[in-house]
Amino acid sequence: MSDQTTDWLGEPSDRERPDPVRAARGHAKPALPRRFYTEAGFSEGADGFRLTLDGRPANTPARNPLQLPSRALAERVAAEWAAQDAAIDPARMPLTRLANTAIDGVTPRMAAVAADLCAYAGTDLVAYRAGDPDRLVAAQAAAWDPILAWARDEFGARVILSEGVMHVAQPADTIQALSAAVTGVTDPFQLTGLHTLTTLTGSLLIALAVLRGRLTPAEAWAAAHVDETFQAAVWGRDAEAEARLETRRTEFEAAAAFVGAGG
């Protein structure tokens, strides 16, 4: 074969694949594939930068070329592979997993992914405000009002606010304007990043602000977690919740890299 892959990347194998159901019943995690390469790098071609393992081109799980749109992103994906130990752990490879998603999942169904994103235009996080306490109300306003002002200027989108969790219908022209911003993203890597940012935060506006350069990833993360920051200040930090949040932040930062890496 001309490329070097493992079961995890989609290479056919006579070996029995790990059974996650059986492993769960046995209170054990599925076995991770062994590291089979010494060196990770990439090669430049006419269509981008392809991951190489020991000099051989690598594939996605669906056996498409694992190819990145920018040198910077290719360097970071190669670094993920280089950092693996005796086993290849996908949990430690957020950029690689997103690349696989972009190539295998998003590229062949761009319209469906965009449609899924457009649904968030009517339920954006920043439209739903607390009625009290005053400190939280002020914190939400400080973080989210500038995003709403930017959306009005950038897209002509007027977002109606609601107090609490009661649903509020957004104007049709606002939905249309934000949907147009989404469908205007024609690069699958950027669309993958935009979708991930939106689903992680519950805010299409925050994700679009990262895409358009209005917010840095750090600013966007802070804006999306005003409520959690407030709760931690009042009640203290919970170790389990913090660990989960850190995992989500890793995914968020990977998605932000994809938003800025499209060709």
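Residues numbered from 1 in each chain as written. Predicted model: local features only at pLDDT ≥ 70, side-chain atom pairs only at ≥ 80, totals over all residues. Heavy atoms only, no water.

Visitor: What's the story with the overall build of the protein chain in this structure? I'm lost.
Guide: Of regular secondary structure, the protein chain possesses 11 helices and six strands. A burial count over the protein chain gives 44% of its 263 residues as buried. Look at the contacts in the protein chain between residues 6 or more apart in sequence, and 66% of them connect residues 24 or more apart. Carbon and sulfur atoms make up 53% of the accessible area of the protein chain, which totals about 13,600 Å². (Helix = DSSP H or I, 4+ residues; strand = E, 2+ residues; numbered from the N terminus. Buried < 20%, exposed > 50% of the residue type's maximum accessible area, 1.4 Å probe, protein only. Contact = heavy atoms within 4.5 Å. Areas by Shrake-Rupley, 256 points an atom, 1.4 Å probe, with all protein chains shown as cover.)

Visitor: Before we go on, may I ask you to explain the nonpolar core in this structure?
Guide: Soluble globular proteins: nonpolar side chains tend toward being buried together. One finds W81, F155 and L208 to be the most contacted residues of the largest nonpolar core, which totals 68 residues. Per element, the largest residue contribution to this core is eight residues, and it comes from helix α8 (residues 204-211). Residues within four places of L208 in sequence aside, it is in contact with W150, F155, L178, A181 and L194. (Core = buried A, V, L, I, M, F, W, Y, C linked by side-chain atoms within 4.5 Å.)

Visitor: Could you clarify how one ought to interpret unusual backbone geometry in this entry?
Guide: Note: most peptide bonds trans; most residues except glycine with negative phi. A cis amide bond links D132 with the next residue in sequence, P133, at an omega value of -5°. With respect to the secondary-structure elements, P133 resides in the loop between β5 (128-129) and α5 (134-155). Although it is not a glycine, R63 adopts a positive phi angle of roughly 65°. Residue position: R63 is located in the loop between β3 (56-57) and β4 (67-68). Assessed through its relative accessible area of 32%, R63 is described here as partly exposed.

Visitor: Before we go on, may I ask you to explain the layout of surface pockets in this structure?
Guide: Over the atoms, a rolling probe the size of a water molecule traces out where space has been left empty. Size it by volume and the second largest pocket reaches roughly 280 Å³. Around the second largest pocket, the lining is made up of 17 residues, and of these E228, A232, R237, E242 and L245 lie nearest the centre. Sort the elements by how many residues they give to the lining of the second largest pocket and helix α11 (residues 239-259) lands first, with six residues. Residue classes in the lining of the second largest pocket are distributed as six nonpolar, four polar and seven charged. (1 Å grid on protein atoms, 1.4 Å probe; cavity = no way out; pocket = protein on both sides within 12 Å on 5 of 7 lines; lining within 4 Å. Points joined across faces, edges and corners; volume = space filled by probe spheres on them. Nonpolar A, V, L, I, M, F, W, Y, C, P; charged D, E, K, R; others polar.)

Visitor: Could you clarify how one ought to interpret the packing of aromatic side chains in this entry?
Guide: Describing an aromatic ring pair means giving the distance of the ring centres and the angle of the ring planes. Across all of its chains, the model carries six aromatic pairs by this definition. Aromatic side chains F189 and F258 sit 5.4 Å apart centroid to centroid with 25° between the ring planes, which places their arrangement in the stacked category. Taken together, the residues span a long stretch of sequence, with F189 in helix α7 (residues 188-201) and F258 in helix α11 at a distance of 69 residues. Ring pairing ties together the aromatic residues F36, Y37 and W81, which thus form one cluster. (Phe/Tyr/Trp six-rings, centres within 6.5 Å; stacked < 30°, edge-to-face > 60°.)

Visitor: What is the right way to read the confidence of the model for the protein chain from this model?
Guide: Low-confidence regions, as indicated by low pLDDT, have predicted coordinates that should not be scrutinised in detail. Residue-level pLDDT values for the protein chain average 89, and 88% of them are 70 or greater. Throughout residues 1-26 the model reports pLDDT below 50, and contacts reaching past four residues in sequence, or to other chains, amount to 55 contacts. (pLDDT = per-residue confidence, 0-100.)

Visitor: I'm lost on the pattern of salt bridges in this one. Help?
Guide: A side chain with one charge may pair with a side chain of the opposite charge, provided their charged atoms come close. Summed over the entire model, instances satisfying the criterion amount to nine salt bridges. Taking the shortest distance from any N to any O, the salt bridge between D145 and R129 comes out at 2.9 Å. With a gap of 16 residues between them, D145 in helix α5 and R129 in strand β5 connect regions that are remote in the sequence. Judged by its relative accessible area of 35%, D145 falls in the partly exposed class. In this structure R129 comes out as buried when scored by relative accessible area, which is 12%. For the salt bridge of R212 with E154, the shortest nitrogen-to-oxygen distance reads 2.7 Å. Pair noted here: R212 is in the loop between α8 and α9 (217-224) and E154 is in helix α5, with a separation of 58 residues, a long-range link. Of the residues examined, R212 reaches a relative accessible area of 41% and is grouped as partly exposed. (Salt bridge = Lys/Arg side-chain N within 4 Å of Asp/Glu carboxyl O.)

Visitor: What is the right way to look at the pairing of strand β1 (residues 40-45) in this model?
Guide: Consecutive side chains along a regular strand alternate between the two faces of the sheet. Note: β1 against strand β2 (residues 48-53), six bridges, orientation antiparallel. If you follow G45 over to β2, its bridge partner there is G48. The turn linking β1 back onto β2 is made up of two residues. (Pairing = 2+ DSSP bridges.)

Visitor: Is there a simple way to think about the packing of α7 against α8 in this case?
Guide: Angle between the axes and distance between the axes are the two parameters that describe a pair of packed helices. At a minimum axis separation of 8 Å, α7 and α8 run at an interaxial angle of 140°. Judged by the inter-axis angle, α7 sits oblique to α8. Taken as a pair, α7 and α8 cross one another with a handedness that is right-handed. Between α7 and α8, the contacting residues are Q190, L194, L197 and T198 on the first element and L204, A207, L208, V210 and L211 on the second. Its residues placed into classes, the contact of α7 with α8 shows seven nonpolar, two polar and no charged. (Axes fitted to C-alpha atoms, helices over the stretch in contact; angles between N-to-C directions. Parallel < 35°, antiparallel > 145°, perpendicular 65-115°, else oblique. Left-handed = near helix turned anticlockwise from the far one by under 90°.)

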